[in-house]
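# Overview (structure and organization)
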Amino acid sequence: MSVRKNNSWFLLLPLWSWTIIATLPACSPVGPNFQTPRPDMPAHWAEKSVTSSAATAAPLHCWWTLFQDPTLDSLITRALAANLDLRIAATHIREARAQRRLAAAASFPALGIGGGSTSSHSSENIPSGGVTQDLFRADFDASWEIDVFGGTRRQIEAAEATLAASVEDGRNVLVTLEAEVARNYLELRTSQQRLRIAGDNIRIQEKTAVLVRNKSEIGLGGELEIAQAEALLALTRSEVPSLESTASQAIHQRALLLGQQPPSLQSELARIADIPPVPPLLPATLPSDLLRQRPDIRAAERQLAAATATVGAAIAELFPHFSLFALIGLQSTSLPDLVATSSRFWSAGPTVQWSLFDGGRTRAVIDFSEARRDRAQATYEKTVLTALVETENALVAYAREQERHKILGQAVASGQQALTLARGQYAAGLTPFLNVLVSENTLYQSQDKLIQSNQQLAITMVALYKALGGGWQTEAMAPVATFPGIGPENSQEARNNP
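Described below are features of the structure shown in this document. (Residues numbered from 1 in each chain as written. Predicted model: local features only at pLDDT ≥ 70, side-chain atom pairs only at ≥ 80, totals over all residues. Heavy atoms only, no water.)

Take the overall build of the chain next. A count of helices and strands for the chain gives 14 helices and four strands. Every one of the 498 residues in the chain was classed for burial, and the buried ones make up 41%. Split by element, the accessible area of the chain, about 26500 Å² in all, is 57% carbon and sulfur. (Helix = DSSP H or I, 4+ residues; strand = E, 2+ residues; numbered from the N terminus. Buried < 20%, exposed > 50% of the residue type's maximum accessible area, 1.4 Å probe, protein only. Areas by Shrake-Rupley, 256 points an atom, 1.4 Å probe, with all protein chains shown as cover.)

Now for helix α4 (residues 70-82). If you check α4, its first and last C-alpha atoms are 18 Å apart, about what 13 residues at 1.5 Å a residue would give, namely 18 Å. Three or more residues of α4 are buried, namely Leu72, Leu75, Ile76, Ala79 and Leu80. For α4, the angular spread of the buried residues around the axis is 135°, confining them to a single face. Facing away from the buried side of α4 by over 90 degrees, the exposed positions are Pro70, Thr77 and Ala81. One side-chain oxygen of the residue at the start of α4 lies 3.0 Å from the amide nitrogen of Thr71, identifying that residue as Asp69. (Expected span 1.5 Å × (residues − 1). Arc of directions from axis to C-beta. Polar contact = N/O pair within 3.5 Å; in protein donor to acceptor, adjacent residues only side chain to side chain.)

Turning our attention to the packing of aromatic side chains. Scanning all chains against the criterion turns up three aromatic pairs. Seen in terms of ring centroids, Phe149 and Phe319 are 4.5 Å apart; in terms of plane orientation they differ by 25°. Their pairing is stacked. Taken together, the residues span a long stretch of sequence, with Phe149 in the loop between β2 (132-146) and α6 (151-217) and Phe319 in the loop between α11 (295-316) and β3 (321-332) at a distance of 170 residues. Taking the relative accessible area as the measure of exposure, Phe149 reaches 22% and is therefore partly exposed. An aromatic cluster is present here, built from Trp63, Trp64 and Tyr465 joined pairwise through their rings. (Phe/Tyr/Trp six-rings, centres within 6.5 Å; stacked < 30°, edge-to-face > 60°.)

Here we take up the sheet that holds strand β1 (residues 110-121). Reading across from one edge, β1-β2-β3-β4 is the order of the four strands in this open sheet, with antiparallel pairing throughout. Each edge of the open sheet carries a strand with a single partner, namely β1 and β4 (344-353). Mean inter-strand twist for the sheet, computed between neighbouring axes without regard to direction, equals 20°. Alignment of β3 against β4, held across ten bridges, turns out to be antiparallel. Residue pairing for β4: Ile328 is matched across the bridge by Trp346. (Pairing = 2+ DSSP bridges. Axes fitted to C-alpha atoms, helices over the stretch in contact; angles between N-to-C directions.)

With that settled, consider unusual backbone geometry. Not every positive phi belongs to a glycine, and Gln68 is a case in point at roughly 55°. Within the fold, Gln68 resides in the loop between α3 (48-51) and α4. Note on Gln68: relative accessible area 68%, which makes it exposed.

Okay, helix α13 (residues 433-467) next. Helix length check: α13 (35 residues) gives 50 Å between terminal C-alpha atoms against 51 Å at 1.5 Å per residue, within 8%. A positive phi of about 85° marks Gly469, the residue just after α13.

With the rule as written, the count across this model stands at 18 salt bridges. Between Asp147 and Arg153 there is a salt bridge, with its nearest N and O atoms 2.9 Å apart. Overall, the relative accessible area of 28% leaves Arg153 in the partly exposed class. Between Glu390 and Arg294 there is a salt bridge, and its shortest N-O distance comes to 2.9 Å. Note that Glu390 is positioned in helix α12 (residues 361-427) and Arg294 in the loop between α10 (290-293) and α11, a separation of 96 residues in sequence. Note on Glu390: relative accessible area 34%, which makes it partly exposed. Judged by its relative accessible area of 6%, Arg294 is buried. (Salt bridge = Lys/Arg side-chain N within 4 Å of Asp/Glu carboxyl O.)

Attention shifts here to the side chain of Thr236. Along the chain, Thr236 falls in helix α7 (residues 223-237). Using a relative accessible area of 2% as the deciding quantity, one classes Thr236 as buried. Ignoring anything within four residues of it in the chain, the contact list for Thr236 reads Ala198, Asn201, Ile202, Gln205 and Tyr444. (Contact = heavy atoms within 4.5 Å.)

Axes are the key here: two packed helices are described by the angle between their axes and the distance separating the axes. Where α7 contacts α13, the axes come no closer than 10 Å and their chain directions differ by 10°. Put simply, α7 runs roughly parallel to α13. Each of Glu225, Gln228, Ala229, Leu232 and Thr236 in α7 lies in contact with α13, whose residues at this interface are Phe433, Leu434, Leu437, Glu440, Asn441 and Tyr444. Here the contact of α7 with α13 is composed, by residue class, of six nonpolar, three polar and two charged. (Parallel < 35°, antiparallel > 145°, perpendicular 65-115°, else oblique. Nonpolar A, V, L, I, M, F, W, Y, C, P; charged D, E, K, R; others polar.)

Below you can see the structure in the form of structure tokens.
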């Protein structure tokens, strides 16, 4: 029994149990293996008038800098640092990372140490009774479930895919936030410019009303012309409260995006400024680029991978579970003798557990997992189609708004010329005052619509970059660690290129 003297208790395990250890974990996991979807994508965008003119590619990862507005750059930078939705997304990533560690822990042996002492006294009414006995014990135990059919490996695979999906969801929040800050900023500047134009027209119409009154006093005009001038002036003034409300609400909304109190940005943004000019460059991308650029598509692909792995984990429950256990320790009725060689005990060996009947529970779990996988597949396909529709819509909106903007520019130029002629002819007594009022109102409406078209043109550009998934990737498609939880260790690129 030299084996015991050398404490090589584990060598007493039957040879066949070591054969199990050496061979069973090498089995391929059961269940379907995930295959990256390869959806059919159009070769080109349907809207040719925009894409064909984009000779130079604009960067996707920091598209807002193309507006060349330092205030917009600053607002987006601060939003990335303090936005509450990003903080919430970061907590989801932390949860998924912890779930991955939890799943991985099941693949390792469980080790434990214990000990204790008990005192017992047997009944005096039994043979050899009336004895008081102390028992002291200290032991070390180990157990390991061998992942023969890959159930644990599938669970780890599902947890890793879920973590990756959480990262992509965080990036989607990032892309949405950047677009929302830019859109909100454009709405603010548009409201301010509309206020400026309304103010300019109010001053002009006030002068016109004074002129009409003066002419009426000397007998060159009537009450009708005065009423018409004052009615147009009142109508223009009525636009101001609504525009002021829109501007204030835009500032309050921006404060929310930056995680601040509503009045915090009032002093910084209340001053009227121009709408940023629309960038001259467009992103030169193909429909197939959406599969790697849009975070929501990447997240849906990872969710499909997680659902596929879950099916394998459920199927593994149909097969037996193999485990190894070992227990070694010291046991004695005398504390001084506890450390003696004669106090040692051990036990070790393999175990098998196989559920032969569970009322259909395992089959139900498999059916449930397969349904979730099919739903994830349909969700992925819908996400891809939605991305194509959003991008096509943004391209069409941008192209049509360009045409509208050009026409409105011509309308403003013609309106200015018409007003100049109407005023001159009215001063010379060649035309009624109504022509002046109509010309003033037409010019104001054209100017207001042109400003709104400037906004819409810029917003469609923002929508296009958002639809393309811009705002999170660098030139090399590496992840941007703009908030806690998104880093290279979580990226799909890092998994593919360790």
